[in-house]
Structure formats: C-alpha cells, structure tokens
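Survey of secondary and tertiary structure
One letter stands for each residue in the lines below.
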Amino acid sequence: MKKLLLPIITLALALSICASASFAQGRAKTGPDPATIRDAELEKDSLHNLEVARHYFKQKKAYLAALKRCEEIDAGNPNFAKMDEVLYIAGESSLRLAETGGKQKTKVVMPDAMLAKDKQDLKYKTPEELRVDARVYLSRLVAQYPNSTFRTQAETDLQALGGPIEPESVKPPE
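Quick look at the structure, then. (Residues numbered from 1 in each chain as written. Predicted model: local features only at pLDDT ≥ 70, side-chain atom pairs only at ≥ 80, totals over all residues. Heavy atoms only, no water.)

Considerations on a negative patch on the surface
Residues D39, E41, D45 and E72 make up a contiguous surface patch of negative charge. Counting through the fold element by element, D45 comes out in helix 2 (residues 40-60). Residue D45 is classed as partly exposed on the basis of its relative accessible area of 40%. (Patch = residues over 30% accessible without salt bridge, like charges linked within 9 Å, V, L, I, M, F, W, Y side chains within 5 Å. Areas by Shrake-Rupley, 256 points an atom, 1.4 Å probe, with all protein chains shown as cover. Salt bridge = Lys/Arg side-chain N within 4 Å of Asp/Glu carboxyl O. Lys, Arg positive; Asp, Glu negative; His and termini not counted. Charge placed at Lys NZ, Arg CZ, Asp CG, Glu CD. Helix = DSSP H or I, 4+ residues; strand = E, 2+ residues; numbered from the N terminus. Buried < 20%, exposed > 50% of the residue type's maximum accessible area, 1.4 Å probe, protein only.)

Details of the packing of aromatic side chains
Taken as a whole and assessed by the stated rule, the structure comprises two aromatic pairs. Judged by centre distance (4.9 Å) and plane angle (25°), the ring pair of Y88 and F150 falls under stacked. In this pair, Y88 sits in helix 4 (residues 83-100) while F150 sits in the loop between helix 5 (127-144) and helix 6 (151-161), placing the two residues 62 residues apart along the sequence. (Phe/Tyr/Trp six-rings, centres within 6.5 Å; stacked < 30°, edge-to-face > 60°.)

Quick notes on the side chain of S139
You can see S139 is positioned in helix 5. Overall, the relative accessible area of 1% leaves S139 in the buried class. A distance of 2.9 Å separates the side chain of S139 from the backbone nitrogen of I165, its partner in a polar contact. (Polar contact = N/O pair within 3.5 Å; in protein donor to acceptor, adjacent residues only side chain to side chain.)

Quick notes on the pattern of salt bridges
Oppositely charged side chains can pair when the atoms bearing their charge come close. All chains considered together, the criterion is met by eight salt bridges. A salt bridge links E85 to R54; its shortest N-O distance comes to 2.7 Å. Taken together, the residues span a long stretch of sequence, with E85 in helix 4 and R54 in helix 2 at a distance of 31 residues. One salt bridge connects E92 with R96, and the closest N-O pair in it is separated by 3.7 Å. Of the two residues, E92 and R96 are both situated in helix 4; the distance of four residues between them amounts to about one turn of the helix. Look at R96 and you get partly exposed, because its relative accessible area is 28%.

Quick word on the environment of Q153
Residue position: Q153 is located in helix 6. For Q153, a relative accessible area of 34% gives the class partly exposed. The sequence separation of Q153 and V142 amounts to eleven residues, and the corresponding C-alpha distance is 9.9 Å. Aside from chain neighbours lying at most four places away, what touches Q153 is Y88 and E92. (Contact = heavy atoms within 4.5 Å.)

Focus on helix 3 (residues 63-76)
Taking 1.5 Å as the rise per residue, helix 3 with 14 residues should run 20 Å; its terminal C-alpha atoms sit 20 Å apart, in good agreement. Where helix 3 is buried, its residues meet helix 2, helix 4 and helix 5. (Expected span 1.5 Å × (residues − 1).)

Laid out in structure tokens, this is it:
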C-alpha cells in the first residue's frame, strides 16, 4: 500500500494542475467582434469601386461619378477597410461640384404621381446642398478616423465650410 501512495499523490497533483488550466480556457471569447468581421467578396467589390472613384477623381475630374461610387461603398459596406479615403473623396467631390457648378450636374430624382416611372422630374442639387454634403462627409472623416492621412486636408476644407459638424448629428447624406 505504501508503494502505491506516492504514485497516487503524484497523479492527483498532476490532474489538479491540468484541471485548473482547462477551466481558464472555458471563459475565453468565442471569436472576433462581429463589427470587425468583413466579407471578402464585399471588400473586393468595395476596393474596386474605390479604385474607380480614385481614377474618376484624380485623372478624369469626373466628380459626380466619383461621388456616386463613394456613396455606393458607404451604403453597401460601412465597415470597409479604407472608409477614410472613401469619405475624403466623397467630401472633396461634393465640395468641388459645389464650387464650380461646372459641366457636371447632380440630380435628385423627384417622383411625380402623374408621371410614369420612366418619366420623372429631375431636380439638380444646389451648391449649398452640395456644401452641406461635403461638410457631413468630411466631418465623419475627422470624427471617426483621427489617424487618417486625409485628416489634415479635411480639417482645412472644413474650416472653409464653417467647421466640423458634431458627431452625434453626422449622418450620411441621402
């Protein structure tokens, strides 16, 4: 009996150490935060739209087309990895459309009950509405992405527009 006592005590001690280690693992989180999970296909599509928007913005000076691509990304993938650049291009495009008023017109489709769906009245956004949109996009950039490389330019443009909008009142333009 005395010969078995030492191995039994050793075995009991080893089991108690292993049991305490296994209990600690039971309280671990069960995966990443759902807010940070990104769909690979959606990210790929959003990245393509961003590249096209960047091309329209920088090369073609087609600010309306760049703005539409950015709005598509913002609406479809709000957790996009490069959302700071999307907000910057959207804000700058809106601002430049407001300043020049140039060749490109922005449209807001206003349905009329008397007209068929394919025939609708078109109302162009005013420069003031475009400035408000630009202020919203750039304010979101400054508030949500403090370490962005686009922040300094956004802050400069916001000062010309009257400063940033408070974060709780910032919502995407329609």
